[in-house]
Amino acid sequence: MINFLFGSSFYLKFKAPESESIIDCLDKHLLNTSNSQLEWGKRCDVNTIILRWQDFIDLYKPSLDIVSKKLNTEFNFTMYDPWINIYKLGQFQEIHDHSDNDMSCVFFKSNCDEFYFYDRNSISLSRSMKKLLNYGDSYTIKAKSGDIMFFPSHMLHGVCPSKIPDRTTMSVNFDIK
């Protein structure tokens with residue numbers, strides 16, 4: 001039996017219970033808000049809109065309840081201001097993490113097969129060990145409109161250049177109490 005240690009890298013993806021309401025709320029913000037320039041956005045090519053957590057907390061609560069059940073534990077959380085990511089053809093998000101927080105979340109307004117995770121420990125394995133383990137250093141997520149995904153904020157992730165003219169997601173970070 002092989003025993004894998006340190007299972008701190010995972011993700012949970014499912015259809016958000018309030019997906020239609022979240023999409024409606026996003027659409028309203030897309031019409032009424034101009035793009036924001038974020039400090040961390042200097043190494044990527046994406047348009048962003050900063051939102052207020054108060055406008056979304058009730059819409060996210062049912063999804064967080066699902067996360068709690070899947071992790072077999074109850075927890076309280078602090079939700080921070082979410083932001084919309086609007087990717088035009090060829091735009092992307094560089095590999096990064098949100099290690100100042102506990103959990104990160106992406107809501108997919110558009111279908112997406114360009115979001116990926118990257119193993120920050122990939123340099124620790126030799127080529128021969130990678131071959132032996134059939135090891136890959138990245139994992140691409142296939143998401144549909146209305147899907148929501150939660151993952152520990154320390155995980156490296158990014159978005160490949162968009163292959164479609166308009167791809168929209170909403171991201172938010174949480175701290176567990």
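Everything numeric here is computed off the predicted structure, so don't read it as measured data.

### Let's talk about the environment of His-29
So, point 1. By the element assignment, His-29 lies in helix 1 (residues 19-32).
So, point 2. Sequence separation between His-29 and Phe-10 is 19 residues; the distance between their C-alpha atoms is 30 Å.

### Looking at the pattern of salt bridges
So, point 1. Taken as a whole, this structure holds seven salt bridges when the rule is applied.
So, point 2. Measuring nitrogen to oxygen at the nearest pair gives 3.7 Å for the salt bridge that ties Arg-52 to Asp-55.

### Examining the packing of aromatic side chains
So, point 1. Taken as a whole and assessed by the stated rule, the structure comprises 10 aromatic pairs.
So, point 2. For the ring pair Phe-150 and Phe-174, a centre distance of 6.1 Å and an interplane angle of 35° mean the geometry is tilted. One end of the pair, Phe-150, is in strand 9 (residues 147-152); the other, Phe-174, is in strand 11 (residues 166-176), with 24 residues separating them in the sequence. Each member of the pair Phe-150 and Phe-174 is classed as buried.
So, point 3. By the ring-pair criterion, three or more aromatic residues cluster together here, those being Tyr-11, Phe-108, Phe-115, Phe-117, Tyr-139 and Phe-151.
So, point 4. In this structure, Arg-167 is placed above the aromatic ring of Tyr-87, and the distance from its NZ or CZ to the ring centre is 4.3 Å.

### Considerations on the environment of Leu-26
So, point 1. Of note, Leu-26 is situated in helix 1.
So, point 2. Linking Leu-26 and Phe-56, residues 30 residues apart in sequence, is a C-alpha distance of 9.7 Å.
So, point 3. For Leu-26, the residues in contact, after removing those within four places along its chain, are Leu-51, Phe-56, Ile-84, Phe-107, Lys-109 and Met-170.

About the cut-offs
Residues numbered from 1 in each chain as written. Predicted model: local features only at pLDDT ≥ 70, side-chain atom pairs only at ≥ 80, totals over all residues. Heavy atoms only, no water. Helix = DSSP H or I, 4+ residues; strand = E, 2+ residues; numbered from the N terminus. Salt bridge = Lys/Arg side-chain N within 4 Å of Asp/Glu carboxyl O. Phe/Tyr/Trp six-rings, centres within 6.5 Å; stacked < 30°, edge-to-face > 60°. Buried < 20%, exposed > 50% of the residue type's maximum accessible area, 1.4 Å probe, protein only. Lys NZ or Arg CZ within 6 Å of the ring centre and 35° of its normal. Contact = heavy atoms within 4.5 Å.

Purely geometric numbers; function is a separate question.
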